[in-house]
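A look at the structure
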Amino acid sequence: MTCRSGGVYATAIDDAVLVVSELLSNALRHARPLTSGMVRVAWLWTDDHVEVAVSDGGAATEPRAGRPTMSSLGGRGLGIVEYVAESWGVRHDGETTTVWAVLPAPHANGQVAALKEAG
């Protein structure tokens, strides 16, 4: 079942895609890959929320939302995630670092979609 056919509102899908894009961009730019040489993207849809997560091999610094100046060319990604998501954070499991975010994602028909993973 896809998100759209499962009745998830288009705006919720757009927000989830935006957050995954920001988290994935940060992983590719700032972190090492997993031991497999890849990064992992996963999401879990429930009745009214979606948790998205990007896992990588970690970096020298902890992911945190920056406060860039108006003229800064970057540094806004996690600030965007912080604004769009209800909550977000970082989990560590051995060599794996996962940055996750929970977003509101109501389903028009109340169905629950399954865990999906790519990577």
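Reading guide: rules and limits
- Residues numbered from 1 in each chain as written.
- Predicted model: local features only at pLDDT ≥ 70, side-chain atom pairs only at ≥ 80, totals over all residues.
- Heavy atoms only, no water.
- pLDDT = per-residue confidence, 0-100.
- Helix = DSSP H or I, 4+ residues; strand = E, 2+ residues; numbered from the N terminus.
- Contact = heavy atoms within 4.5 Å.
- Polar contact = N/O pair within 3.5 Å; in protein donor to acceptor, adjacent residues only side chain to side chain.
- Axes fitted to C-alpha atoms, helices over the stretch in contact; angles between N-to-C directions.
- Parallel < 35°, antiparallel > 145°, perpendicular 65-115°, else oblique.
- Left-handed = near helix turned anticlockwise from the far one by under 90°.
- Nonpolar A, V, L, I, M, F, W, Y, C, P; charged D, E, K, R; others polar.
- Expected span 1.5 Å × (residues − 1).
- Buried < 20%, exposed > 50% of the residue type's maximum accessible area, 1.4 Å probe, protein only.

Right, let's get into the confidence of the model for the protein chain. On average, residues of the protein chain score 79 in pLDDT, and 70% of them are at 70 or above. When the elements of the protein chain are averaged for pLDDT, strand S5 (residues 115-118) gives the smallest value, 50, and strand S4 (residues 96-104) the largest, 95. Considering only residues more than four positions removed or in separate chains, one finds that residues 111-116, a stretch of pLDDT under 50, has 20 contacts.

What follows covers the environment of Val 84. Within the secondary structure layout, Val 84 lies in helix H2 (residues 77-84). Considered as a pair, Val 84 and Pro 104 are 20 residues apart in the sequence and their alpha carbons are 9.0 Å apart. Residues within four places of Val 84 in sequence aside, it is in contact with Asp 15, Leu 18, Val 19, Leu 103 and Pro 104.

Here Thr 97 lies in strand S4. A polar contact of 3.3 Å, which involves the side chain of Thr 97, links it to the side chain of His 92. In this structure Thr 97 touches Val 54, Ser 55, Asp 56, Gly 58, Val 90, Arg 91 and His 92, once residues within four positions along its chain are discounted.

Right, let's get into the packing of helix H1 (residues 10-30) against H2. Their axes nearest at 9 Å, the elements H1 and H2 cross at an angle of 150°. As summarised for this structure, H1 and H2 are arranged roughly antiparallel, according to the angle between their axes. Handedness of the H1/H2 crossing: left-handed. For the pair formed by H1 and H2, the contact residues are Asp 15, Leu 18, Val 19, Glu 22, Leu 23 and Asn 26 on the first element and Gly 77, Leu 78, Ile 80, Val 81 and Val 84 on the second. Looking at the contact of H1 with H2 residue by residue, the classes come out as seven nonpolar, two polar and two charged.

A few words on H1. The end-to-end C-alpha distance of H1 is 30 Å, a good match for the 30 Å that 21 residues give at a rise of 1.5 Å each. Turning to H1, its buried residues number three or more, namely Ala 12, Ile 13, Ala 16, Val 19, Val 20, Glu 22, Leu 23 and Ala 27. Elements in contact with the buried residues of H1: strand S1 (40-45), strand S2 (49-56), H2 and S4.

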